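Residue-level structure breakdown
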Amino acid sequence: MNGSTSASNIINNLNTLGAFFSNTGYYRTTITSRSSGAWTLADGSDQTVPTNFLPGGKFDTVQAAIKAVLPNCLGVFDPVPAVFDTTTNK
């Protein structure tokens with residue numbers, strides 16, 4: 001997920017890929033956020049989140065689309081709540 005690809009293009013690409021498995025079904029997985037920093041503080045305050053991954057931005061839009069119920073999607077694996085703080089996306 002980069003600055004030049006819109007959320008709608010990412011979602012369309014994911015849906016196109018899913019259509020290839022219309023006879024067998026498929027699973028989706030959410031994507032984890034990205035941040036940079038030293039990872040030395042337990043609260044993550046030393047982490048910087050790129051613009052695309054800030055709460056309410058492109059990342060959250062794509063995540064919601066991945067979690068949406070779609071034809072032939074057998075389920076969604078969502079590691080996100082286990083690996084980062086969903087209020088800060090760190």
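Scroll up for the structure.
Attention in this report is confined to the structure presented alongside it. (Residues numbered from 1 in each chain as written. Predicted model: local features only at pLDDT ≥ 70, side-chain atom pairs only at ≥ 80, totals over all residues. Heavy atoms only, no water.)

Some thoughts on the nonpolar core
- Counting residues in each nonpolar core, the largest one holds 6 residues, listed as Ala7, Ile10, Ile11, Val62, Ala65 and Ile66.
- Counting residues per element, the ones that place at least two in this core are helix H1 (7-19) and helix H2 (58-67).
- For Ile11, the residues in contact, after removing those within four places along its chain, are Thr61, Val62 and Ala65.
- The next biggest cluster of nonpolar side chains, apart from the first, holds 5 residues, and it includes Val49, Phe53, Val80 and Phe84. (Core = buried A, V, L, I, M, F, W, Y, C linked by side-chain atoms within 4.5 Å. Buried < 20%, exposed > 50% of the residue type's maximum accessible area, 1.4 Å probe, protein only. Helix = DSSP H or I, 4+ residues; strand = E, 2+ residues; numbered from the N terminus. Contact = heavy atoms within 4.5 Å.)

Focus: a nonpolar patch on the surface
- A contiguous nonpolar surface patch, about 350 Å² in accessible area, is contributed by Leu17, Phe20 and Phe21.
- Within the element layout of this structure, Phe20 appears in the loop between H1 and strand S1 (26-29). (Patch = residues over 30% accessible without salt bridge, like charges linked within 9 Å, V, L, I, M, F, W, Y side chains within 5 Å. Areas by Shrake-Rupley, 256 points an atom, 1.4 Å probe, with all protein chains shown as cover. Salt bridge = Lys/Arg side-chain N within 4 Å of Asp/Glu carboxyl O.)

Some words on the pattern of salt bridges
- Counted under the stated rule, the structure contains 1 salt bridge.
- The partner of Lys67 in a salt bridge is Asp78, and the shortest N-O contact between them spans 3.5 Å. Highlighted residues: Lys67 in helix H2 and Asp78 in the loop between strand S4 (73-77) and helix H3 (80-83), separated in sequence by 11 residues.
- Owing to a relative accessible area of 45%, Lys67 belongs among the partly exposed residues under this scheme.

Digging into H1
- For H1, spanning 13 residues, the distance from its first C-alpha to its last is 18 Å, which sits close to the expected 18 Å at 1.5 Å a residue.
- Buried-residue contacts for H1 involve S1 and H2. (Expected span 1.5 Å × (residues − 1).)

Here we look at the pairing of S1
- Covered by surrounding structure in S1 are Tyr26 and Arg28 only, the residues Tyr27 and Thr29 on the alternate face being uncovered.
- Looking at chain direction, S1 and S4 are connected through 4 bridges and run parallel. Across the sheet, the residue bridging to Tyr26 is Cys73, located in S4. (Pairing = 2+ DSSP bridges.)

A word on the side chain of Asp46
- Locating Asp46 in the fold gives a position in the loop between strand S2 (36-37) and strand S3 (47-48).
- At a separation of 2.8 Å, a polar atom in the side chain of Asp46 contacts the main-chain amide nitrogen of Thr40.
- Aside from chain neighbours lying at most four places away, what touches Asp46 is Ser36, Gly37, Ala38, Trp39, Thr40 and Leu41. (Polar contact = N/O pair within 3.5 Å; in protein donor to acceptor, adjacent residues only side chain to side chain.)

So yeah, pure geometry; function would need other evidence.
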